[in-house]
Amino acid sequence: MINKIANKVLYECFCLFSYLCAKYLAVMLKPRQGNKGTRKKILALPYYGKGRSGAQERIADWQPFFEERGIEYYVHWSYENKFYEENLMLTTNSFKQYKFYFKVLLDRVRVALTFHQYDSIWIQRGFMPLFPYKNGLFEKQLKKHGNVIYDFYDADYESNYDLVVDTIKSGDKITVASEFLENFCKQFNPNVFYVPFSFKYNNYPVKEYGNLDEITIGWMGSIDNFRYVKDIAPQLVEIEKKFPQVKFVFVCREKADLGLKRLTYHSFADSDFDFFKHLSEFDIGINPLVKYHDRTKAKVSFKCLEYMSLGIALATSPFGIPKGLKHNENCVVADRLEDWDEKLSALIANKVEIKRLGAEARKLVEENFDYAKNIDGLIKALNKSIYQ
């Protein structure tokens, strides 16, 4: 009860403080100065802390490619991961949680006062990370800069529609990671750019297939996404019954009884956990997203990209997948829940096809999700005149 009352009071105090900060920025923010005759400068603000998936690959790892083109690219992280874990992620203590929010907001306000020194400001999702504002309180003030771009790679509007729509409307431009998001954002802002979700695929060792006398079907992901594997558990049980050479390896913090007898779990929390070693055990990687809603339609499955980078044959649902994946060309697509048994069975029975699909998937990654090949499109999105 005490924590509940404290949470309500702290929420009201933080909202009032946020309002005052927004008013302060409305007065103090300066339009961008431009850098005539000097190197162009971009400031990027990821939504998460350093190294966290989504922020590192989507925002930070572009840095050397900007530098190669003579553009200064600065990344300002949202928070220290340890501070986030101790004060928000792993606690229900309201005082600790608002300690986190106040610190992050003050840091964002401080860095916002320097925005005028940069030609472009690229912000992931929104100005203030993780706090559920009801509207674009800060994003409306940032328009004063003249070239603020927001990036989305998921259907964030599902959980906070008004805030996301306000943010999209306030942006000078919007970058997105999927065609679905591109179409959604264009309802509110005409200046939307599709920028493929690039990443360091060469860090992933390409699988060397053996004779496939035994075939391992693998999945990896979060506890939240594990529910999609549970959806197809009956189909996987049928696969196990039909094919005695098939076993399963799942990488997840959760372990559940799915009725599979030949299933091994690896946890990200294991002391001897080796990411690439465990994923290289997979012969077929699965990506079931059987619930058809905006979250699954809008996202670009990083899991798929990782399977593809490893040269692993991919069996997937038809949505939330990287652009360019096509059934029987570079993956196997199970359109409906009941299709998983049929599609996996056909793939298991064709060893040559497993190897071919893995090679074609890797080729697609190299051609379409490479930083070096996509940097010019991003530069155009962040500032059309950046070469001038």
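First, a word on scope: everything that follows refers to the structure included in this document. (Residues numbered from 1 in each chain as written. Predicted model: local features only at pLDDT ≥ 70, side-chain atom pairs only at ≥ 80, totals over all residues. Heavy atoms only, no water.)

For the protein chain, the count of helices and strands is 16 helices and twelve strands. Relative to its length of 388 residues, the protein chain is compact, with a C-alpha radius of gyration of 23 Å against a globular reference of 21 Å. With respect to the principal axes defined by its C-alpha atoms, the protein chain has extents near 70 × 60 × 40 Å. Across the 388 residues in the protein chain, those meeting the buried criterion constitute 56%. Excluding contacts between residues fewer than 6 apart, the proportion of contacts in the protein chain whose partners are at least 24 apart in sequence is 73%. Of the accessible surface of the protein chain, which amounts to about 17700 Å², a share of 51% is contributed by carbon and sulfur atoms. (Helix = DSSP H or I, 4+ residues; strand = E, 2+ residues; numbered from the N terminus. Rg over C-alpha atoms; globule rule 2.2 N^0.38 Å. Buried < 20%, exposed > 50% of the residue type's maximum accessible area, 1.4 Å probe, protein only. Contact = heavy atoms within 4.5 Å. Areas by Shrake-Rupley, 256 points an atom, 1.4 Å probe, with all protein chains shown as cover.)

Turning to helix H4 (residues 81-89), a few remarks are in order. Of the residues making up H4, those classed as buried are Phe 83, Tyr 84, Asn 87 and Leu 88. Buried residues along H4 cover an arc of 100° about the axis, so they all sit on one side. Contact partners of the buried residues in H4: helix H5 (94-112). (Arc of directions from axis to C-beta.)

Attention now moves to the pairing of strand E3 (residues 120-124). Burial runs high along E3: five of the five residues are buried. Where strand E1 (residues 41-45) meets E3, four bridges bridge the pair, whose relative direction is parallel. Among the inter-strand pairings, Ala 44 is bridged to a residue of E3, identified as Trp 122. (Pairing = 2+ DSSP bridges.)

On to the pattern of salt bridges, then. Taken as a whole and judged by the stated rule, the model has 23 salt bridges. Arg 110 serves as the salt-bridge partner of Asp 107, at 2.8 Å between the closest nitrogen and oxygen. You can see Asp 107 and its partner Arg 110 sitting in helix H5, three residues apart, about one turn around the helix. Overall, Arg 110 belongs to the partly exposed group, its relative accessible area being 48%. One salt bridge connects Asp 224 with Arg 227, and the closest N-O pair in it is separated by 2.7 Å. Several salt bridges share partner residues, and in doing so they unite Arg 125, Asp 154, Asp 156 and Arg 295 into one network. (Salt bridge = Lys/Arg side-chain N within 4 Å of Asp/Glu carboxyl O.)

So, about the sheet that holds strand E2 (residues 72-75). Ordered in space as E2-E1-E3-E4-E5-E6, the six strands form an open sheet in which the pairing is parallel. With one partner strand each, in any of the chains shown, E2 and strand E6 (192-194) form the two edges of the open sheet. For this sheet the average axis-to-axis angle between neighbouring strands, irrespective of direction, equals 20°. Pairing between strand E5 (residues 173-176) and E6: three bridges, direction parallel. Bridging from a neighbouring strand, Ile 174 pairs with Val 192 of E6. In the packing of helix H7 (residues 161-170) onto the sheet, contacts are made with strand E4 (148-152) and E5, and the angle to E4 comes to roughly 140°. (Axes fitted to C-alpha atoms, helices over the stretch in contact; angles between N-to-C directions.)

Glancing now at the nonpolar core. Counting 127 residues, the largest nonpolar core has Phe 66, Phe 250, Ile 284 and Ile 286 as its most contacted members. The greatest single-element share of this core, amounting to eight residues, is contributed by H5. (Core = buried A, V, L, I, M, F, W, Y, C linked by side-chain atoms within 4.5 Å.)

All right, on to the side chain of Thr 167 then. The residue Thr 167 is located in helix H7 in this model. The class for Thr 167 is buried, based on a relative accessible area of 1%.

Within this structure, the stated rule accounts for 43 aromatic pairs. Aromatic side chains Tyr 204 and Phe 276 sit 5.1 Å apart centroid to centroid with 85° between the ring planes, which places their arrangement in the edge-to-face category. With Tyr 204 in the loop between E6 and strand E7 (215-220) and Phe 276 in helix H11 (residues 275-279), this residue pair connects regions lying 72 residues apart in the sequence. For Tyr 204, a relative accessible area of 8% translates into the label buried. Take Phe 276: its relative accessible area is 29%, and that puts it in the partly exposed class. The aromatic ring of Tyr 118 is capped on one face by Lys 41, whose charged end is 5.1 Å from the ring centroid. (Phe/Tyr/Trp six-rings, centres within 6.5 Å; stacked < 30°, edge-to-face > 60°. Lys NZ or Arg CZ within 6 Å of the ring centre and 35° of its normal.)

Its location among the elements puts Thr 216 in strand E7. Owing to a relative accessible area of 4%, Thr 216 belongs among the buried residues under this scheme. Separated by 67 residues in sequence, Thr 216 and Asp 283 have C-alpha atoms that sit 5.1 Å apart. Excluding residues within four positions of it along the chain, Thr 216 makes contact with Lys 247, Val 249, Glu 281, Phe 282, Asp 283 and Ile 284.

Glancing now at H7. Counted residue by residue, H7 has seven buried out of ten residues, so it is predominantly covered. Of all the residues in H7, the buried ones are Leu 163, Val 164, Val 165, Asp 166, Thr 167, Ile 168 and Ser 170. Tucked inside the fold, the buried residues of H7 contact helix H6 (139-142), E4, E5 and helix H8 (179-185).

Moving on to the state of the cysteines. A disulfide bridge is the covalent bond that connects two cysteines by way of their sulfur atoms. A complete count under the given rule lists zero disulfides for this structure. Cysteine Cys 13 remains unbridged, with the sulfur of Cys 15 as its closest cysteine sulfur at 9.4 Å. The cysteine Cys 331 is free of any disulfide, with Cys 304 supplying the nearest cysteine sulfur at 8.0 Å. Residue classification places Cys 331 among the buried residues on the basis of a relative accessible area of 0%. (Disulfide = S-S within 2.5 Å.)

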